[in-house]
Amino acid sequence: MTAFVIAAIVMLVALVPAGVTLVRGELADSVVGYEFISTVIVMILALLAEGFGRPGLFEFPVILAVLLFGGGLVFVRALEGWL
Amino acid sequence: MIREVVTDALLALATLTVVLSSVGIAVMPGAAAKLHYVTPAAVVAPVLVTLAVFVREGLDSSTGMTVIALVFMVAVSPYLSHATLRAIRARPGERR
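Rules used throughout
- Residues numbered from 1 in each chain as written.
- Chains lettered and ligands numbered in written order.
- Predicted model: local features only at pLDDT ≥ 70, side-chain atom pairs only at ≥ 80, totals over all residues.
- Helix = DSSP H or I, 4+ residues; strand = E, 2+ residues; numbered from the N terminus.
- Buried ≥ 20, exposed ≤ 12 C-beta atoms within 10 Å, placed from the backbone.
- Contact = placed C-beta atoms within 7 Å.
- Expected span 1.5 Å × (residues − 1).
- Bend = angle between axes of the 7 residues up to and from the residue.
- Axes fitted to C-alpha atoms, helices over the stretch in contact; angles between N-to-C directions.
- Parallel < 35°, antiparallel > 145°, perpendicular 65-115°, else oblique.
- Nonpolar A, V, L, I, M, F, W, Y, C, P; charged D, E, K, R; others polar.
- pLDDT = per-residue confidence, 0-100.
- Core = buried A, V, L, I, M, F, W, Y, C linked by C-beta atoms within 7 Å.

> Honestly, the overall build of chain A in this entry has me stumped. Any pointers?
Along the backbone of chain A there are 3 helices and 0 strands. Going from N to C terminus, chain A has its helices and strands arranged as α-α-α. Overall size of chain A, expressed as C-alpha extent along the three principal axes, is 45 × 25 × 10 Å. The burial tally for chain A puts 46% of its 83 residues in the buried class. Sequence separation of at least 24 residues holds for 54% of the intrachain contacts in chain A that already meet a minimum separation of 6.

Now the structure itself:
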């Protein structure tokens, strides 16, 4: 198990406090928790791709990083106007 | 050997940044205060992870893809945080 995989596992565990905020917090807190978790997942995907030596899997963090902006703005727009 | 040590140190710093940010999000009161802890995880930690990949792999496709993801995250994160803060402040009754 390389340091990259260990770092990915620790980051996954570190998502728990933010996940609790997402589930149990107010609506605005949940949006902040969602943004944090989606940001960290981009790094976790990159770490796992490097840790397992699969360069082809680096496409996933790139795609998620691009979708991060659109997805975040959808939730922010919903928070601002519709909810 | 030295390359592995540098890689491990960079990954440890990135992980520490994410852990502390996550705790900050859970502990701080109010969404606006929590939002401050998204930025280190969205800007500092990806830079450290990208550096770790670069130190291990050198200039290759893995590093290039990581840099592309990093550029997107660093470019997008401030706009997203700004939009989120505007939405939070637009909501009546939200803690600020």
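Still more to cover.
> Even after reading the chapter, I still don't get helix α1 (residues 2-27) of chain B, so can you show me in this structure?
Each α-helix winds once per 3.6 residues, and so residues spaced three or four apart point in a common direction. A rise of 1.5 Å per residue sets the reference length of α1 of chain B, with its 26 residues, at 38 Å; its end C-alpha atoms lie 37 Å apart and thus fit the reference within 8%. All of the buried residues along α1 of chain B are Thr-7, Leu-10, Leu-11, Ala-14, Thr-15, Thr-17, Val-18, Ser-21, Ser-22, Ile-25 and Ala-26 of chain B. On its buried side, α1 of chain B packs onto α1 (3-24) and α2 (27-51) of chain A together with α2 (31-35) and α3 (38-57) of chain B.

> Would you mind going over α3 of chain B with me for this structure?
With 20 residues, α3 of chain B extends 28 Å from end C-alpha to end C-alpha; this agrees with the ideal 28 Å at 1.5 Å per step. Taking the largest bend as the criterion, α3 of chain B deviates by roughly 30°, centred on Ala-45 of chain B, and proline Pro-46 of chain B comes between one and four positions later. Looking at the buried residues of α3 of chain B, the elements they touch are α2 of chain A together with α1, α2 and α4 (61-90) of chain B. Looking at the residues trailing α3 of chain B, positive phi occurs at Gly-58 of chain B, about 80°.

> When you look at the packing of α3 of chain B against α4 of chain B in this model, what are you seeing that I'm missing?
For any two helices packed against each other, the geometry comes down to the angle between their axes and how far apart the axes lie. Residues and elements named next belong to chain B. As a packed pair, α3 and α4 sit with axes 9 Å apart at the nearest point and diverge in direction by 170°. With respect to α4, the axis of α3 lies roughly antiparallel. Of α4, the residues touching α3 (which contributes Val-38, Thr-39, Ala-42, Val-43, Pro-46, Val-47, Thr-50, Val-53, Phe-54 and Glu-57) are Ser-62, Thr-63, Thr-66, Val-67, Leu-70, Met-73, Val-74, Ser-77 and Ser-81. The residue makeup of the contact of α3 with α4, split by class, is 11 nonpolar, 7 polar and 1 charged.

> How do you make sense of the interface of chain B and chain A when you look at a structure like this?
As a measure of interface size, the accessible area lost when the parts come together is often cited. Opposite the 39 residues of chain B that make contact, chain A presents 39 residues. For the side of chain B that touches chain A, the element with the most residues is α4 of chain B, which contributes 15 residues. Considered class by class, the residues forming the side of chain B that touches chain A number 27 nonpolar, 8 polar and 4 charged.

> Would you mind going over the environment of Leu-67 of chain A with me for this structure?
In this structure, Leu-67 of chain A sits in helix α3 (residues 59-82). Along the chain, Leu-67 of chain A and Gly-56 of chain A lie 11 residues apart, while their C-alpha atoms are 18 Å from each other.

> What am I meant to see in the confidence of the model for chain B here?
Close reading of the predicted structure is inappropriate where its pLDDT is low. Residues and elements named next belong to chain B. Taken over all residues, the pLDDT of chain B has a mean of 87, while the share at 70 or more is 95%. Model confidence for chain B, summarised as mean pLDDT per element, is weakest for α4 at 86 and strongest for α1 at 93. Both confidence scores are given for the complex: pTM 0.89, ipTM 0.87.

> Got a minute to help me understand the nonpolar core in this structure?
For soluble globular proteins, the rule of thumb is that nonpolar side chains tend to be buried together. By size, the foremost hydrophobic cluster in this structure holds 55 residues, and its most contacted members are Val-42, Met-43, Ala-46 and Leu-47 of chain A together with Val-49 and Ala-69 of chain B. For this core, the secondary structure elements donating two or more residues are α1, α2 and α3 of chain A together with α1, α2, α3 and α4 of chain B. When neighbours within four sequence positions are excluded, Met-43 of chain A is seen to be in contact with Met-11 of chain A together with Ala-45, Pro-46 and Val-49 of chain B.

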